[in-house]
Amino acid sequence: MAGTDDIVRGLLVVIVVGIGTVLGWVLFVRTPDNLAQLLGVLLVVAVAVATARIGSNVAGSLLPAHNVAEVAVEGPISRDGGGGITSPPVGASADDIVEQIDRADADRGSEALLLKLNTPGGEIVPSEDIRIAAEEFDGPTIAYATDVCASGGYDIAAGCDELWAREGSIVGSIGVVGSRVNAKELADRLGLSYEQFTAGEYKDAGVPLKEMTEDEREYLQGIVDDYYDQFIDTVAEGREMDAETLKDTEARIFLGDEAEERGLVDRLGTRDDVEASLEQRLGEAVTIKEYEPERGLTGKLRGGAQQVAFALGAGIAGVADGDIEGLSFRR
């Protein structure tokens, strides 16, 4: 059946290219009697190339050559991927990834979604946006952890039907970190004083140029605790695990084999093993289409200079959706 589809797709492309070539020849070579004739050959070639692309798209739409869509989440997760106008994204852009998943879902050939995860996590809401897009995909969704699937990356995996990993994959870090830079002593040495006009008792809580009061510390710790409870509830529901079992991990990271023993990972295996499992699910040979972000000039202009740092240790995390007066929340 696959061989027949390939032949039909090829014939469709040839037919569309033939029509485009004839049309270009008539318009730019046969009819004009002026300078256009000199450019006719080039224009015919241009039209032929354009129609070849159109024909390929039409054939791919009518008779898709794939049955699995693959979308990659690699690097720290942020809204726009970081980077800037002159530099490429330094991490995973949630907006781009959601757009890729949506395109895959709309593609009639994508019967299943393979989500490749190699991320330490990142901003909280962008990570949730990717997870929600995976949950809404109409078909089986398989998450495959390569090197790291931690924190926000594990949040995303909780939205998939299965999570695969390698024995050496780093999995977990189900926790939240709140941090701030304390520059009060440095400011005093430089002769700088902090003066800010605010309305609301906690508006400047976490500002690095002043000492934090116990009330402010308790307030900000409450925000971290709320984020943590949300994270636990999301994973418990998505992975069908007991919340207390997840809390017992104490936001630690685990290698793939121990993660599997704890129920954090469904199965261990290579990429070939994942594809073999997909073949069993779909009941046919698997052909994968890798989706790429469609970032034009607008997307590059949208990308700011925000950089998302991450660490491997007490917690693997990315920076949350924004700082609250100098304080960043990490998942």
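Residues numbered from 1 in each chain as written. Predicted model: local features only at pLDDT ≥ 70, side-chain atom pairs only at ≥ 80, totals over all residues. Heavy atoms only, no water.

Novice: Any chance you could explain the overall build of the protein chain here in plain terms?
Specialist: Looking only at helices and strands, the protein chain has 11 helices and 12 strands in total. Long-range contacts, defined as pairs at least 24 residues apart, comprise 72% of the intrachain contacts of the protein chain with a sequence gap of at least 6. Summed over its atoms, the accessible surface of the protein chain is roughly 17,300 Å², and 54% of this surface lies on carbon and sulfur atoms. (Helix = DSSP H or I, 4+ residues; strand = E, 2+ residues; numbered from the N terminus. Contact = heavy atoms within 4.5 Å. Areas by Shrake-Rupley, 256 points an atom, 1.4 Å probe, with all protein chains shown as cover.)

Novice: Whenever I open this one, a nonpolar patch on the surface confuses me. Can you help?
Specialist: On the surface, a nonpolar cluster with roughly 320 Å² of combined accessible area is contributed by Leu186, Leu190 and Leu192. One can find Leu190 in the loop between helix H6 (184-189) and helix H7 (214-239). Take Leu190: its relative accessible area is 59%, and that puts it in the exposed class. (Patch = residues over 30% accessible without salt bridge, like charges linked within 9 Å, V, L, I, M, F, W, Y side chains within 5 Å. Salt bridge = Lys/Arg side-chain N within 4 Å of Asp/Glu carboxyl O. Buried < 20%, exposed > 50% of the residue type's maximum accessible area, 1.4 Å probe, protein only.)

Novice: Even after reading the chapter, I still don't get the state of the cysteines, so can you show me in this structure?
Specialist: Structurally, a disulfide amounts to a covalent bond that connects the sulfur atoms of two cysteines. Taken as a whole and assessed by the stated rule, the structure comprises zero disulfides. Between Cys160, a free cysteine, and Cys149, which holds the nearest cysteine sulfur, the sulfur-to-sulfur gap is 8.9 Å. According to the relative accessible area criterion, Cys160 is buried, its value standing at 6%. (Disulfide = S-S within 2.5 Å.)

Novice: How should I be thinking about the environment of Gly206 in this particular structure?
Specialist: If you trace the backbone, Gly206 turns up in the loop between H6 and H7. Each C-alpha atom, one on Gly206 and one on Leu220, is 8.0 Å from the other, the two residues being 14 residues apart in sequence.

Novice: What's the story with the packing of helix H3 (residues 94-106) against helix H4 (residues 124-136) in this structure? I'm lost.
Specialist: The packing of two helices is summarised by the inter-axis angle and the distance between the axes. In contact at an axis separation of 9 Å, H3 and H4 are set at 5° when each is read in the N-to-C sense. Compared by their axis directions, H3 and H4 come out roughly parallel. Taking contact as the criterion, the partners of Ala94, Ile97, Val98, Ile101 and Asp105 in H3 are, on H4, Pro126, Asp129, Ile130, Ala133, Ala134 and Glu136. Class assignment for the residues of the contact of H3 with H4 results in eight nonpolar, no polar and three charged. (Axes fitted to C-alpha atoms, helices over the stretch in contact; angles between N-to-C directions. Parallel < 35°, antiparallel > 145°, perpendicular 65-115°, else oblique. Nonpolar A, V, L, I, M, F, W, Y, C, P; charged D, E, K, R; others polar.)

Novice: Could you clarify how one ought to interpret the nonpolar core in this entry?
Specialist: Membership of the largest hydrophobic core comes to 40 residues, with the highest contact counts inside it found for Val73, Leu115 and Ile130. Counting residues per element, the ones that place at least two in this core are strand S1 (68-74), H3, strand S4 (112-119), H4, strand S5 (141-150), helix H5 (152-157), strand S6 (162-165) and H7. Ranked by the residues each element gives to this core, the list is headed by H3, at five residues. Counting contributing residues, this core receives three or more from each of domain 2 (63-172 + 251-302) and domain 3 (176-246). If sequence neighbours within four positions are ignored, Val73 has contacts with Ala92, Ile97, Leu115, Lys116, Leu117, Asn118, Thr119, Ile130 and Ile156. (Core = buried A, V, L, I, M, F, W, Y, C linked by side-chain atoms within 4.5 Å. Domains from an automatic or database assignment.)

Novice: In this structure, what is going on with the pattern of salt bridges? I would like to understand it.
Specialist: Two side chains that carry opposite charge are able to pair once their charged atoms sit near each other. The tally for this structure, following the rule as stated, stands at 13 salt bridges. A salt bridge links Arg79 to Asp129; the nearest nitrogen and oxygen atoms lie 2.8 Å apart. With Arg79 in the loop between strand S2 (77-78) and strand S3 (92-93) and Asp129 in helix H4, the pair connects residues that are 50 residues apart, well separated along the chain. For Asp129, a relative accessible area of 26% translates into the label partly exposed. As a salt-bridge pair, Glu275 and Arg271 come within 3.0 Å of each other at their nearest N and O atoms. With a gap of four residues between them, Glu275 and Arg271 both fall in helix H10 (residues 271-282), about one helical turn apart. By relative accessible area, which is 23% here, Glu275 ends up partly exposed. The exposure class assigned to Arg271 is partly exposed, which follows from its relative accessible area of 23%. In the salt-bridge network here, residues are joined through shared partners; they are Glu70, Arg271 and Glu275.

Novice: Got a minute to help me understand the environment of Val177 in this structure?
Specialist: Within the fold, Val177 resides in strand S8 (residues 177-180). For the pair Val177 and Ala251, spaced 74 residues apart in sequence, the C-alpha separation works out to 10.0 Å.

Novice: I keep staring at the pairing of S6 and nothing clicks. Help me out?
Specialist: Regular strands show a simple pattern: their side chains alternate between the two faces of the sheet. By the alternation rule, side chains of S6 split into Glu162 and Trp164 and Leu163 and Ala165, which are all buried. As paired elements, S5 and S6 share four bridges and run parallel to each other. Paired with Ile142 across the strands is Glu162, a residue of S6. Note that the unit made of S5, H5 and S6 has a crossover that is right-handed. Two strands pair when backbone bridges link them, and S6 and strand S10 (residues 267-268) are joined in this way by two bridges, in the parallel orientation. Along S10, the bridge assignment pairs Trp164 with Arg267. (Pairing = 2+ DSSP bridges. Right-handed = clockwise from strand over helix to strand, strands pointing away.)

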